[in-house]
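# Topology and contacts: notes
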Amino acid sequence: MNDSQIYILISIIVLAIIAIVVILRRKKEQKPLSKLAALAFSLVIAGIVFGDDRLIGYSLMGAGVILAVIDIVKKSKK
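Residues numbered from 1 in each chain as written. Predicted model: local features only at pLDDT ≥ 70, side-chain atom pairs only at ≥ 80, totals over all residues. Heavy atoms only, no water.

## Quick look at the overall build of the protein
Scanning the protein for helices and strands turns up 3 helices and 0 strands. Scanning the protein from its N terminus toward the C terminus, one meets helices and strands in the order α-α-α. In terms of overall dimensions, the protein has C-alpha extents of about 50 × 35 × 20 Å along its principal axes. Taken across its 78 residues, the protein has 12% of its residues classed as buried. Total accessible area on the protein is roughly 7000 Å²; 70% of this is exposed by carbon and sulfur atoms. (Helix = DSSP H or I, 4+ residues; strand = E, 2+ residues; numbered from the N terminus. Buried < 20%, exposed > 50% of the residue type's maximum accessible area, 1.4 Å probe, protein only. Areas by Shrake-Rupley, 256 points an atom, 1.4 Å probe, with all protein chains shown as cover.)

Written out as C-alpha cells, the structure reads:
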C-alpha cells in the first residue's frame, strides 16, 4: 500500500465513524445552528471549495474554526 491508499483508507474509516455517531445521535432532539455556528460552517465549506489556492483555503478554514470555538465557548458559559 502506498501513502495515498493509506490516507484514503483512514478517510473512509473516519467517515464511517462519523456516520455511526450521527445515526446514534439522531434520536435526540437537536437545536438549530446558531448564526455564528452557521457562519463558521459556511467558512469551512468555502475553504474546502477554494482549496486550490492554499492561502485562501486555509484562511477561510482557520476563520471558520476560530468562529466555531468562539461559539462553543459562548454556549458553555450559559
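## Considerations on the packing of helix α2 (residues 35-49) against helix α3 (residues 54-77)
The geometry of α2 relative to α3 is characterised by a closest axis approach of 7 Å and an angle of 160° between their N-to-C directions. As far as their axial angle goes, α3 and α2 are roughly antiparallel. Crossing geometry of α2 relative to α3 is assigned as left-handed. Only Gly57, Leu60, Met61, Ala63, Gly64, Val65, Leu67, Ala68, Ile70 and Asp71 of α3 make contact with α2, whose side of the interface consists of Leu36, Ala37, Leu39, Ala40, Leu43, Val44, Ala46, Gly47 and Ile48. (Axes fitted to C-alpha atoms, helices over the stretch in contact; angles between N-to-C directions. Parallel < 35°, antiparallel > 145°, perpendicular 65-115°, else oblique. Left-handed = near helix turned anticlockwise from the far one by under 90°. Contact = heavy atoms within 4.5 Å.)

## A word on the pattern of salt bridges
Following the criterion strictly, the structure yields 1 salt bridge and no others. Aspartate 71 is the partner of lysine 75 in a salt bridge, and the nearest nitrogen-oxygen pair spans 3.8 Å. Of this pair, lysine 75 and aspartate 71 both sit in helix α3, 4 residues apart, which is roughly one turn of the helix. Judged by relative accessible area, which is 9%, aspartate 71 ranks as buried. (Salt bridge = Lys/Arg side-chain N within 4 Å of Asp/Glu carboxyl O.)

## Overview of a nonpolar patch on the surface
A surface patch of nonpolar side chains, amounting to about 1200 Å² of accessible area, comprises Met1, Ile6, Tyr7, Leu9, Ile10, Ile13, Val14, Leu15, Ile17, Ile18, Val21 and Val22. Structurally, valine 21 can be placed in helix α1 (residues 3-25). (Patch = residues over 30% accessible without salt bridge, like charges linked within 9 Å, V, L, I, M, F, W, Y side chains within 5 Å.)

## Description of α2
Taking 1.5 Å per residue as the helical rise, α2 with its 15 residues ought to reach 21 Å, and the 21 Å between its terminal C-alpha atoms agrees with that figure. Within α2 the residues assigned to the buried category are Ala37, Ala40, Leu43, Ala46 and Gly47. Tucked inside the fold, the buried residues of α2 contact α3. (Expected span 1.5 Å × (residues − 1).)

## Some remarks on the environment of glycine 62
Position of glycine 62 relative to the elements: it lies in helix α3. Note: C-alpha distance between glycine 62 and leucine 43 (19 residues apart in sequence) is 8.5 Å.

## A word on the environment of isoleucine 66
Of note, isoleucine 66 is situated in helix α3. We classify isoleucine 66 as exposed; its relative accessible area is 53%.

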